[in-house]
Amino acid sequence: MIDTAIYLTLRFKLAVISVVVLAISACMTIGVKTEPPLLDLTQTVKPNVVIFYIDDLGYGDLSSYGATKVATPEIDRLAAKGVRFTDAHSSAATCTPSRYSLLTGEHGFRNNAKILEGDAPALIQPGKSTLAVMFKKAGYATGVVGKWHLGLGDGNVDWNADVTPGPLEIGFDYSFLLPATGDRVPSVYLENHRVVNLDPQDPITVSYQGKVGNRATGYENPELLRYVADEQHNDTIVNGVSRIGHMAGGESALWIDEDFSDIFSDKAIGFIRNNKDKPFFLFHSYHDIHVPRLPHPRFIGTTDMGPRGDAIAQMDWITGQVVKELEQLGIANNTLIIFTSDNGPVLDDGYADESVTKLGDHKPGGPFKGGKYSRYEAGTRVPTIVYWPGKISAQTSDALLSQIDIYASLAKLVGIELDVNEAQDSQEQLAVWLGQSTQGRTDLVEESLTNGSLRTGNWKYIPASEQVHSFIADNKAIASGYMNKPQLFDLSTDPSENYNLAGQHPDKVEKMDIRLKQIITSGY
Ligand code: NG6
Ligand code: CA
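Residues numbered from 1 in each chain as written. Chains lettered and ligands numbered in written order. Predicted model: local features only at pLDDT ≥ 70, side-chain atom pairs only at ≥ 80, totals over all residues. Heavy atoms only, no water.

### Regarding the pattern of salt bridges
No. 1: Scanning all chains against the criterion turns up 37 salt bridges.
No. 2: The partner of aspartate 173 in a salt bridge is lysine 136, with the nearest N and O atoms 2.7 Å apart. Residue aspartate 173 is found in the loop between β4 (141-147) and β5 (174-178), and its partner lysine 136 is found in helix α4 (residues 131-137); the two are separated by 37 residues along the sequence.
No. 3: By relative accessible area, aspartate 173 is classed as partly exposed at 38%.
No. 4: Between aspartate 277 and lysine 276 there is a salt bridge; the shortest N-O distance is 3.5 Å.
No. 5: When salt bridges that share partners are traced, they join Asp87, Glu377, Arg381, Glu446, Arg455, Lys460 and Glu497 into one network. (Salt bridge = Lys/Arg side-chain N within 4 Å of Asp/Glu carboxyl O. Helix = DSSP H or I, 4+ residues; strand = E, 2+ residues; numbered from the N terminus. Buried < 20%, exposed > 50% of the residue type's maximum accessible area, 1.4 Å probe, protein only.)

### Overview of the sheet that holds strand β6 (residues 190-191)
No. 1: Spatially, ten strands are ordered β7-β6-β5-β4-β12-β1-β13-β14-β2-β15 in an open sheet, and the strand pairing comes out mixed. Because the sheet does not close on itself, it has two edges, and the strands there are β7 (194-195) and β15 (395-397).
No. 2: Two strands pair when backbone bridges link them, and strand β1 (residues 48-54) and strand β12 (residues 280-285) are joined in this way by five bridges, in the parallel orientation. Across the sheet, residue isoleucine 51 finds its bridge partner in β12, namely phenylalanine 283.
No. 3: Sheet strands in contact with helix α5 (residues 260-274) are β4, β5, β6 and β12, and its direction is about 175° off that of β12.
No. 4: Strands in contact with helix α7 (residues 406-414) are β1 and β13 (335-341); relative to β13, the strand with the most contacts, it is inclined by about 175°. (Pairing = 2+ DSSP bridges. Contact = heavy atoms within 4.5 Å. Axes fitted to C-alpha atoms, helices over the stretch in contact; angles between N-to-C directions.)

### Focus on the site of ligand 1
No. 1: The immediate surroundings of ligand 1 are formed by 18 residues, with Cys95, Lys147, Asp183, His233 and Lys372 found nearest.
No. 2: Between ligand 1 and histidine 290 there is a distance of 3.0 Å, counted from an oxygen atom to a side-chain nitrogen or oxygen.
No. 3: Between ligand 1 and lysine 372 there is a distance of 2.8 Å, counted from an oxygen atom to a side-chain nitrogen or oxygen.
No. 4: Relative to its free-state accessible area of 450 Å², ligand 1 is covered by the protein chains to the extent of 89%.
No. 5: Along the lines of polarity and charge, the residues of the shell around ligand 1 split into four nonpolar, seven polar and seven charged. (Near = heavy atom within 4 Å. Polar contact = N/O pair within 3.5 Å; in protein donor to acceptor, adjacent residues only side chain to side chain. Areas by Shrake-Rupley, 256 points an atom, 1.4 Å probe, with all protein chains shown as cover. Nonpolar A, V, L, I, M, F, W, Y, C, P; charged D, E, K, R; others polar.)

### Let's talk about helix α10 (residues 506-522)
No. 1: Here α10 spans 24 Å end to end across 17 residues, near enough to the 24 Å set by a 1.5 Å rise per residue.
No. 2: Next to the buried residues of α10 lie β17 (443-447), β18 (452-456), β19 (459-462) and β20 (487-490).
No. 3: Residue glycine 523 follows α10 closely and has a positive phi angle near 90°. (Expected span 1.5 Å × (residues − 1).)

### Considering the environment of tyrosine 227
No. 1: Checked against the element boundaries, tyrosine 227 lands in the loop between β8 (205-207) and β9 (237-238).
No. 2: Residues in contact with tyrosine 227, not counting those within four places in the same chain, are Gly240, Arg293, Leu294, Pro307, Tyr351, Ala352 and Asp353.
No. 3: In this structure the side chain of tyrosine 227 is engaged in a polar contact, spanning 3.2 Å, whose partner is the backbone oxygen of arginine 293.

### A few points about the coordination of the calcium ion (ligand 2)
Each angle at a metal carrying four tetrahedral donors should ideally be 109.5 degrees, and each at a metal carrying six octahedral donors should ideally be 90 or 180 degrees.
No. 1: For the calcium ion (ligand 2), the full set of protein donor atoms is Asp55 (OD), Asp56 (OD), Asp342 (OD), Asp342 (OD) and Asn343 (OD1), and the range of their distances to it is 2.1 to 2.7 Å.
No. 2: Taken together, the six donor atoms coordinating the calcium ion (ligand 2) span angles of 52 to 174° at the metal, a pattern that classifies the geometry as irregular.
No. 3: Taken in chain order, the donor set of the calcium ion (ligand 2) reads D-D-x285-D-N.
No. 4: Its relative accessible area of 0% is what places aspartate 56 among the buried residues. (Donors = N, O, S within 2.8 Å, 3.2 Å for Na, K, Ca; no water. Tetrahedral: all angles 85-135°; square planar, octahedral: opposite > 155°, others 65-115°.)

Structure, rendered in C-alpha cells:
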C-alpha cells in the first residue's frame, strides 16, 4: 500500500514536471516565433535606403559607443535594435576620399582624391558608375542633402549660373547642398543647379587666390570674429566667422550656420515625403560635427563640452527627426538605415571653440589612438549602425568592414549586377551589413592623409612614410602615425596601437608590405 502511495505521488510529481517542461518549451517555441524574421538574402528586395553620413564623428562620441558626457538617445535607439559595428571603417581619415569611396566603391587614391577647396571641379565625372546610378538602375528615386565636398563644375565654376556637373549628373534626382565644407566659401546653399536666394544684381565671386570684393576678413578685422581662427581659416567673414577662401557678393544667399540642422532636416524630410510611394535612396550628409561648430541656440548648453558636445546633441536630434518621419509615414519597416561618419574625430580644427578646454574626460576616439587625418585606428574606425526594423536582429558585430563595401552590398540587395570594372574595391558583404554573418573582410586598406595602412585580420601595418606630417600632431594634438619606420600592431591584444611589433615580426612586415602594394596597384 505504502509503495503504491509513493509510486502514485512520484507519478503525479513527474506529470507536473512534464507539464511544466512542456509549457516552458511551448513558450520558448512561441518566443522563437516572435523573433523578427531574417531576410532571405537570395531574394531581391527594394527597401528605401537612407545613409546618415556624419562629419568628423569619432568612435567614442555616442553614448551607444561609450560616451558619458553627451547623450545620443535617438541614435542609441537605432543601435539597440540594429547591428552596432565595432570594426567598421570609413575608407579614409579625411572627408573627400571617404565620400568618393562611398559613392564609387573605389579607393580615393585611385583618382587622387584629396581634401578639396570650395571651387574645385567635380571629382566624380559624369559617366562614372556611382551608388546613385546603381540605385537608379534598380528603379529608385535618389537624393542628396547636406555637405558635398566632392567638387562641382568644370574647374571654372560660375556660381551665378547653372553649376554643373554636380550630383544631378552622376545619378541623383535631387540635391540640396552645402557645396564644400562649412569652413569654406562659397557660404551659400545650392539646390539642384542653382544657388538658393541669389539676387542676380549681387553676383557671387569666389577666390582661393586672394581677396575679392570688400567683405571683411579675419586677417584684417579680427575684432569682428565670434571665434578666433588659425591663419588657414582667416579669410572672408560670413555670419561672424572667418572661412577658408574669399567670397564677394551673394549677400541675400549667405547661410546662417545655426540654421543648418533645421534646413537640412526639412530638406531630407521633404525628399522622403515626395518619394514615399516608390523606393528611394537618400544620402543625408551632415555638416555636424565639423567646424565651425555653431549649433542652433536651442542646443547650446545641452552638454558641458561646449559647441562640439552641443553639435553632437544637435546631430542626434536631426537623426531622430528623420527616423520619426519614416515612422509617421508608415515606411520605417521598409527602410534600411545606415548611420556612420566620414572620418574620425578632431577637436581644434582651426577655430578656438572650447572643444579642447571643455573636453574633460570625454574620449572622442574611444579606446583607439589618433583621429581625423591620422594613420592610427581612430582615423577611420567610426561608429556604424545598421537599422531595419523587423528585418535584422539586434546585435553587436566585430566584423571588419568598410563603407567602400556599401556599393556592392546594396547592389546585391536590390538585384543589380555590377560590371567588371564597376566599384572595383567594393566587396559584397550584404550578409555582414544585415547581421547574418560576422565574417567580414580578410583585409582592408585604411587611407590616411596621403598613404595607406593595411589591416589583415587583427594585424595592422603602417608603412614608413617619407613625409612625416608632424603638423597634425603639432597643431591638432592628434597622434598622426606618420613615422619614418614601419609599425606593426596586434589589435587583438593592443587595440590602442601602443606596442610596435615590427622589430619582432620582420616576416609579417614584409608580407603585409607586399600585400599592401599589390592592393594599391591591382586591387584586392
Ligand atoms: C583642412 C582644414 C580643416 C578642414 C579639413 C576638411 C586647414 C588647415 N584645415 O584643410 O579645417 O576643413 O580640411 O575636413 O585648412 S574634412 O572633414 O572635410 O576632410
Ligand atoms: Ca570629415
